[in-house]
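Architecture at a glance
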Amino acid sequence: MMEEKKKTFDASEAALLVKELNESFRTGKTKSYEWRVSQLKSIEKMVVEREKDICEALYKDLSKPEFEAFVSEIAMVKSSCKEALKELKHWMKPEKAKTSMETYPSSAEIVSEPLGAVLVISTWNYPFSLSVKPVIGAITAGNATVLKPSEIAPATSSLLSKLFEEYLDRSAVRVVEGDVPETTALLEQKWDKIFYTGSPRVGRIIMTAAAKHLTPVVLELGGKCPAVIDSDVDLQVTARRIIAGKWQANNGQACISVDYIITTKDFAPKLIDALRKGIEECFGTDPMESKDISRIVSSNHFSRLQSLMDEYKVYNKIVVGGQRNQKELKIAPTIFLDVPGDSQLMQEEIFGPLLPIITVENVKDSIDLINSKPKPLAAYLFTNNDKLKNYFVQSVSSGGMAINDTVLHVTVSSLPFGGVGESGMGSYHGKFSFDAFSHKKAVLYRSFSGDSSVRYPPYTPEKQKLIKAVMNGGIFNIILALMGWSRD
Amino acid sequence: MATTEEGKTVFDVEAANVLSKELRDVFASGKTRSYEWRISQLKSIVKMCDEHEEDIADALRQDLSKPQLESIVYELTMVKNSCTLAIKELKHWMMPEKAKTSLTTFPSSAEIMSEPLGAVLIISAWNYPFLLSLDPLVAAIAAGNAMVLKPSELAPASSSLLAKLLPKYLDCCSIKVVEGAVSETCALLEQKWDKIFYTGNGRVGRIVMAAAAKYLTPVVLELGGKSPVVVDSDIDIQVATRRIIVGKWGCNNGQACISPDYIITTKDCAEKLVDSLKKELEAFYGKNPLESKDLSRIVNSDHYARLTNLLDEDKVSGKIVYGGERNEANLRIAPTILLGVPQNSLIMKEEIFGPLLPILTVSKIEDSFDIINSGTKPLAAYLFTNNKKLKQQFLMSVSAGGVVINDTALHLTVHSLPFGGVGESGMGSYHGKFSFDAFTHKKAVVYRSFVGDASVRYPPYTRGKLRLMRALITGNVWTILRALLGWS
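Residues numbered from 1 in each chain as written. Chains lettered and ligands numbered in written order. Predicted model: local features only at pLDDT ≥ 70, side-chain atom pairs only at ≥ 80, totals over all residues. Heavy atoms only, no water.

**Focus on the overall build of chain B**
In plain terms, the rule: Every helix listed is a DSSP run of H or I at least four residues long, and every strand listed is a run of E at least two residues long, numbered separately from the N terminus. Each accessible area value is a Shrake-Rupley result obtained with a 1.4 Å probe; residue values ignore everything except the protein chains displayed when judging cover.
Looking only at helices and strands, chain B features 18 helices and 20 strands. Put simply, chain B shows about 18300 Å² of open surface, and 55% of that area lies on carbon and sulfur atoms.

**A closer look at the interface of chain B and chain A**
Often, the extent of an interface is quoted as the loss of accessible area on bringing the components together. Going by this rule: By the convention used here, residues are in contact when the closest approach between their heavy atoms is within 4.5 Å. Defined in terms of a 1.4 Å probe, buried area is the accessible area two parts forfeit on being brought together, summed over both. Criterion for a salt bridge: a side-chain nitrogen of Lys or Arg within 4 Å of a carboxyl oxygen of Asp or Glu.
Facing 107 residues of chain B, the contacting portion of chain A comprises 102 residues. Across the interface of chain B and chain A, roughly 8700 Å² is buried in total on both sides, 61% from carbon and sulfur atoms. Among the residues of chain B in contact with chain A, Leu 216, Phe 450 and Tyr 461 of chain B are the three that bury the most area, contributing 11% of the side total. Summed over the shared surface of chain B and chain A, the result is 13 salt bridges.

**Comments concerning the packing of helix H4 (residues 66–92) of chain A against helix H5 (residues 129–140) of chain A**
All names here are of chain A. For the record, the criterion: In this analysis an axis means a line fitted to C-alpha atoms, helices contributing only their contacting stretch, and an angle means the value between N-to-C directions, from 0 to 180 degrees. To sort the angles, those under 35 degrees are grouped as roughly parallel, those over 145 as roughly antiparallel, those from 65 to 115 as roughly perpendicular, and the leftovers as oblique.
Across the interface, H4 lies against H5 with an axial gap of 9 Å and an inter-helix angle of 5 degrees. Put simply, H4 runs roughly parallel to H5. In this structure, H4 contributes Ser 72, Glu 73, Met 76, Val 77, Ser 80, Cys 81, Ala 84, Leu 88 and Trp 91 to the contact, and H5 contributes Ser 129, Val 132, Lys 133, Ile 136 and Thr 140.

**Thoughts on the sheet that holds strand E6 (residues 193–197) of chain A**
Either a parallel or an antiparallel arrangement is found when strands of a sheet pair, and the pairing is made through backbone hydrogen bonds. Residues and elements named next belong to chain A. Going by this rule: We call two strands paired when DSSP finds no fewer than two bridges between them.
A sheet is described by the order of its strands in space; here six strands give the open sequence E5-E4-E3-E6-E7-E17, paired in mixed fashion. Looking at which strands have only one partner, the edges of the open sheet turn out to be strand E5 (173–175) and strand E17 (424–425). The pairing of strand E7 (residues 217–220) with E17 spans two bridges and is classified as antiparallel. From the neighbouring strand, Leu 219 faces E17, where its bridge partner is Met 425.

**Examining the UniProt feature "active site" (unreviewed entry) in chain B**
All names here are of chain B. The line we're drawing: UniProt positions are given in the numbering used here, feature names are shortened, and annotations may be inferred rather than shown by experiment.
Residues annotated by UniProt as "active site" (unreviewed entry) correspond here to Glu 222 and Cys 257. In sequence the annotated residues extend across 36 residues, while in space they remain close, none of their C-alpha pairs exceeding 8.8 Å. Tracing the sequence through the fold places Glu 222 in strand E9 (residues 219–222). With near-sequence residues (within four places) excluded, Glu 222 lies in contact with Phe 197, Tyr 198, Thr 199, Gly 200, Phe 419, Gly 420, Ser 425, Gly 428, Ser 429 and Tyr 430. What Cys 257 contacts, discounting residues up to four positions off in sequence, is Asn 127, Leu 223, Ser 227, Glu 351, Phe 353, Leu 379 and Phe 419.

**Topic: unusual backbone geometry**
Residue Pro 458 of chain A follows Pro 457 of chain A across a cis peptide bond; omega there is -5 degrees. By the element assignment, Pro 458 of chain A lies in the loop between strand E18 (438–446) and helix H16 (461–472). Residue Pro 460 of chain B is bonded to the preceding Pro 459 of chain B through a cis peptide linkage, with omega at 0 degrees. Mapped onto the elements, Pro 460 of chain B comes out in the loop between strand E20 (440–448) and helix H17 (463–474). Its identity as a non-glycine residue notwithstanding, Asn 250 of chain A has a phi of 55 degrees, on the positive side.

**Some words on the pattern of salt bridges**
Here is the rule: Any residue under 20% of the maximum accessible area for its type is buried, any over 50% is exposed, and the rest in between are partly exposed; the area is computed with a 1.4 Å probe on protein chains only.
Taken as a whole and judged by the stated rule, the model has 64 salt bridges over all chains. Between Asp 435 of chain A and Lys 431 of chain A there is a salt bridge, with its nearest N and O atoms 3.1 Å apart. In this pair, Asp 435 of chain A and Lys 431 of chain A both sit in helix H15 (residues 431–436), four residues apart, roughly one turn of the helix. Owing to a relative accessible area of 25%, Asp 435 of chain A belongs among the partly exposed residues under this scheme. The partner of Lys 31 of chain B in a salt bridge is Asp 171 of chain B, with the nearest N and O atoms 2.9 Å apart. Note that Lys 31 of chain B is positioned in the loop between helix H1 (13–28) and helix H2 (35–51) and Asp 171 of chain B in the loop between helix H6 (156–169) and strand E7 (175–177), a separation of 140 residues in sequence.

**Re helix H8 (residues 202–213) of chain B**
In plain terms, the rule: One fewer than the residue count of a helix, multiplied by 1.5 Å, yields its expected span. Polar contacts, as counted here, are pairs of nitrogen or oxygen atoms within 3.5 Å of one another; within protein the pair requires one atom able to donate a hydrogen and one able to accept it, and residues that are adjacent in sequence qualify only if both atoms are side-chain atoms.
Given a rise of 1.5 Å per residue, 12 residues ought to cover 16 Å, and the 16 Å separating the end C-alpha atoms of H8 of chain B matches this to within 8%. Within the span of H8 of chain B, buried status applies to Gly 202, Gly 205, Val 208, Met 209, Ala 211, Ala 212 and Ala 213 of chain B. The inward-facing, buried residues of H8 of chain B abut helix H8 (200–212) of chain A together with strand E5 (119–123), helix H7 (182–189), strand E8 (195–199), E9 and strand E19 (426–427) of chain B. Where H8 of chain B begins, the side chain of Asn 201 of chain B points an oxygen toward the backbone nitrogen of Arg 203 of chain B, at a separation of 3.0 Å.

**Focus on the nonpolar core**
Basically, it comes down to this: We call a set of buried residues a nonpolar core when its members are Ala, Val, Leu, Ile, Met, Phe, Trp, Tyr or Cys and they connect through side-chain atoms within 4.5 Å of each other. Where each domain begins and ends is defined by an automated method or by a domain database.
Within the largest apolar cluster, 148 residues are counted, with the highest numbers of intra-cluster contacts made by Ile 43, Phe 164, Ile 261, Leu 275 and Tyr 380 of chain A. When residues in this core are grouped by element, the largest group, 12 residues, is from H4 of chain A. Looking at which domains feed residues into this core, each of domain 1 (2–223 + 431–442) and domain 3 (454–485) of chain B supplies at least three. Contacts of Tyr 380 of chain A, omitting those with residues within four sequence positions, involve Cys 225, Pro 226, Ala 227, Val 228, Ile 256, Val 258, Phe 392, Ala 402, Asp 405, Thr 406, Val 407 and His 409 of chain A. Formed by 107 residues, the second largest nonpolar core is a distinct cluster that contains Ala 59, Tyr 74, Met 78 and Ile 263 of chain B.

**Some remarks on a nonpolar patch on the surface**
For the record, the criterion: The residues that make up patches have over 30% relative accessible area and no salt bridge, and they are joined within 9 Å when like-charged or within 5 Å when they are Val, Leu, Ile, Met, Phe, Trp or Tyr.
A grouping of Ile 475, Phe 476 and Ile 479 of chain A is seen on the molecular surface, where their side chains present a nonpolar patch of about 340 Å² in accessible area. Inspection of the secondary structure assignment puts Ile 475 of chain A in helix H17 (residues 475–486).

**Quick word on the pairing of E20 of chain B**
Burial runs high along E20 of chain B: seven of the nine residues are buried. As paired elements, strand E16 (residues 400–403) of chain A and E20 of chain B share four bridges and run parallel to each other. By the bridge assignment for E20 of chain B, Gly 400 of chain A is matched with Ala 444 of chain B. Bridge count for strand E4 (residues 108–116) of chain B against E20 of chain B is nine bridges, and the pairing is antiparallel. From the neighbouring strand, Ser 109 of chain B faces E20 of chain B, where its bridge partner is Tyr 447 of chain B.

**Thoughts on the side chain of Asp 259 of chain A**
Residues and elements named next belong to chain A. Looking at the secondary structure, you find Asp 259 in the loop between helix H9 (235–246) and strand E9 (260–264). A relative accessible area of 3% places Asp 259 in the buried class. In this structure the side chain of Asp 259 is engaged in a polar contact, spanning 2.9 Å, whose partner is the backbone nitrogen of Ile 350. Setting aside chain neighbours within four positions, we find Asp 259 in contact with Gly 223, Lys 224, Cys 225, Lys 246, Glu 348, Glu 349, Ile 350, Phe 351, Leu 354, Leu 355 and Pro 356.

**Regarding the environment of Leu 338 of chain B**
Residue and element names in this part refer to chain B. Structurally, the position occupied by Leu 338 is in strand E15 (residues 336–339). Its relative accessible area of 0% is what places Leu 338 among the buried residues. It is 32 Å that separates the C-alpha atoms of Leu 338 and Phe 130, two residues lying 208 residues apart in sequence.

**Observations regarding the UniProt feature "domain: Aldehyde dehydrogenase" (unreviewed entry) in chain A**
Per the UniProt record, "domain: Aldehyde dehydrogenase" (unreviewed entry) is annotated on residues 10–443 of chain A. Along residues 10–443 of chain A, the helical share is 43% and the strand share 18%, with 40 Å between the first and last C-alpha atoms.

**Topic: helix H6 (residues 154–167) of chain A**
Residue and element names in this part refer to chain A. End to end, H6 covers 20 Å across 14 residues, agreeing with the expected 20 Å (1.5 Å per residue, within 8%). Of all the positions in H6, only Ala 155, Thr 156, Ser 157, Leu 159, Leu 160, Leu 163, Phe 164 and Tyr 167 are classed as buried. The elements touched by buried residues of H6 are helix H2 (33–49), helix H3 (51–62), H5, strand E4 (144–148) and E5.

**Notes on the pairing of strand E3 (residues 117–121) of chain A**
Walk down a regular strand and you will see the side chains alternate between the two sheet faces. Residues and elements named next belong to chain A. Heads up, the rule is: Classification remark: right-handed applies to a crossover when, strands pointing away from the viewer, the course from the first strand over the helix to the second runs clockwise.
Most of E3 is tucked away, with five of its five residues classed as buried. On E3, burial covers both faces: Ala 117, Leu 119 and Ile 121 on one face and Val 118 and Val 120 on the other are all buried. Pairing of E3 with E4, which is carried by five bridges, proceeds in the parallel orientation. Across the sheet, the residue bridging to Ala 117 is Ala 144, located in E4. In terms of handedness, the path from E3 via H5 over to E4 forms a crossover that is right-handed.

**As for the UniProt feature "active site" (unreviewed entry) in chain A**
All names here are of chain A. Look at the UniProt record and you will see "active site" (unreviewed entry) annotated at Glu 220 and Cys 255. Among the structural elements, Glu 220 can be located in strand E7. When its relative accessible area of 2% is taken as the criterion, Glu 220 is described as buried. Sequence-distant contacts of Glu 220, defined by excluding residues within four places in its chain, comprise Phe 195, Tyr 196, Thr 197, Gly 198, Phe 417, Gly 418, Ser 423, Gly 426, Ser 427 and Tyr 428. Its location among the elements puts Cys 255 in the loop between H9 and E9. When neighbours within four sequence positions are excluded, Cys 255 is seen to be in contact with Asn 125, Leu 221, Cys 225, Glu 349, Phe 351, Leu 377 and Phe 417.

**Digging into the environment of Glu 68 of chain A**
Along the chain, Glu 68 of chain A falls in helix H4. Taking relative accessible area as the criterion, Glu 68 of chain A reaches 3% and is therefore assigned buried. The sequence separation of Glu 68 of chain A and Gly 278 of chain A amounts to 210 residues, and the corresponding C-alpha distance is 18 Å. Dropping the residues within four chain positions of it, Glu 68 of chain A is found in contact with Glu 73, Tyr 126, Trp 247, Gln 248, Ala 249, Asn 250, Asp 292 and Ser 294 of chain A together with Tyr 461 of chain B.

**With respect to the sheet that holds E9 of chain B**
Residues and elements named next belong to chain B. With mixed pairing, the six strands of this open sheet are ordered in space as E7-E6-E5-E8-E9-E19. The open sheet has two edge strands, E7 and E19, and neither has a second partner. Examined bridge by bridge, E5 and E8 share four bridges and lie parallel to one another. Note on E8: the bridge partner recorded for Val 120 is Lys 195. Packed on one face of the sheet, H1 meets E5, strand E6 (146–150) and E7 and runs near 150 degrees to E6.

Shown next, in the form of structure tokens:
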């Protein structure tokens, strides 16, 4: 059997692909309720029938524990499908809009229409759910879609390509695997929307490419998500929830993972003890041997994290953990106490199992520290103090927030999930996914009756007065103006 | 700030940098976030419009020879209405929106908080220099931001008046005006803003978005396009004609982003339509429209040359059926109708933005949809018909920012409708609450207490925990009970 030469996916291939998808879109196929439902049901079927394959791929790419794979990837996708199937008819309905005196008689509505052919660029840390969830949004809104999964999670990328081919309508939903050249080729085309999950650096490249075609974008990026810990908290629950939001979230490799902690000088030792105890309860005395924690995704990221740990400013600030195994790409849950603000660890998004704890005199000072950095994707506060809660919620700007927990807000589909500033633009989940891939078209209906000549030239001061009165909506003014006008 | 030879200060990159920092500092002080500040600014805008109505109408006359009625109604009254609506609704808009939570996060509560973005940049246009400067300003203020307005230099009297009035009536620390042309705009675009709101054309829209990409600044781009009017046969032709005229020549003499750009009708109707247009045009503007006070002039000689170029092209110069008169000294072009211009003529390729109205004819009225869809998505699309089926087909097949059935331009005044484009005609929207939302970050917040912490969430992961998690996520009570029993 001759070895097949793999076709390179270059700009001309990408152009062909967009053309195909646009043609498919123009036939109107993807707009129909039936098509959308059929695709959503297929995705559901795919997730149920192939759960094992999906978990295996996630294990291959990230050593992701089955529990995490189920809860954070499989279950998230399943519930997105379920909600979309349940709500689609309602989401697709035009929304009535109120009209007023100015346009009487008239009626108005806002019609949701698909954008066309859209591009979803996914990422490696939740390679399944962060690929399929946006695709669900795109399909729900009636678009033709291309998914470009991350090459840094190759087993999942390859599986997605295979599964989409098997389960979905390839005339309108496609996967393009590849690396930088393939992504660049795709970015050169004109899309009706681009949905990107990843880093701010690449987010800038995406938006710049999108600007050439005036393509709107959703950018789900990252940042340093802080967790502020007050002293009046239930320490055990707090510690567990921090662990859940850090080492249970793909071993800290998640955009909404707790990046660093701020607490008071007095409370820090108690918190560290509680975390140490919690880590042992969850991952055993030697977390390097635990099966319940993801590994570091690649040797590049391992080196990156290692250099964060080994920087002279911080290496002697380790209070928990610090073990590493390069061969197995493992780093133990590691906690640092009071690293300097200009250390690398406090400058860039960690995206790994390292947790710096910064101490302040007064817990309120934490807010200035957070606000001195770019706006993060999430911010967390643990406290029983209502006043502090209010102050935090009012003063800290972030994509989303959770009080007395971490990462959980991502599962609430009635909440928009997205960033602000450096952490991104746009949002999705639940109906926000549908909206993210829709154009809200304003429609005003008028009839031929009730045509007032006051609107037409030649303009007179009386007409002007009357129109003004109608627009101001005051019935008294209208009557006055009418009388004034008819006196003429 | 650099100084020119004449000692005049130049607004360069350094000055822009200082300005943006100032605005950022003011925003950080929290002043613009208060309900009181926002209301005070909105009320001041109303006061300003009332007290300087004549000055504003004067400036518009200088810049565009805009008729008094158009100035008062379409610029001032619209702005005042936006203010009044915002003042009335602001308390409600500022309130957090409760969001539903589910079993997976029980017990919890959630809400969506609206917070201002920070320091924003508004770049306005020349055709409605007051409306398109003040309306976005009202939006940014209502949402609690600090801002800088860059009015268009192509409407110099209006720009200068805005620069004089805004500091007098508004909080000049938080709301700034920068006059100037390309270099001043570039200096501003080199800064980091929390949002950029641009009204203008697609070419500059791309530049703005690319500049914004450097800082991951979200944008609203209100652009333009060729807004088509489809005219069916079984209609009240007089009413339709008058409404087309007022949407075209009654809107700044066709120099409006939502002006009817061209008409498509059937071969049979064309003659009747042309006759009706001629009749009504004469009724509105008299036998010498070049002398009519109820028509704006062409804004400047560049645009005058551009428009006469469109008229004088070989392909179309013989297709004029009405009008065509011009006066270069006064920058006036009479309302001009062309019949049967070829689709590859310049006048059918670019947005006209002037008093020229081409009419295309088709055999069947449905053929008009393909013509419209062969071009880029316009900001508005209009249909005159009594045929319900045609209305539905039009809505399904034609994508545009907004659509009006049996009228033109009016949807602009309906505050419950989002006003914005799609594709080449723009991204984002405003008016009414959409204005508030355009300058707001919707922050998701989840509140939890320390009670109700289920250990099922935490490692070590066991088969039992996974089973229970599955059950909890399905939300099915029986499955949960079974799993709980099995587990225990």
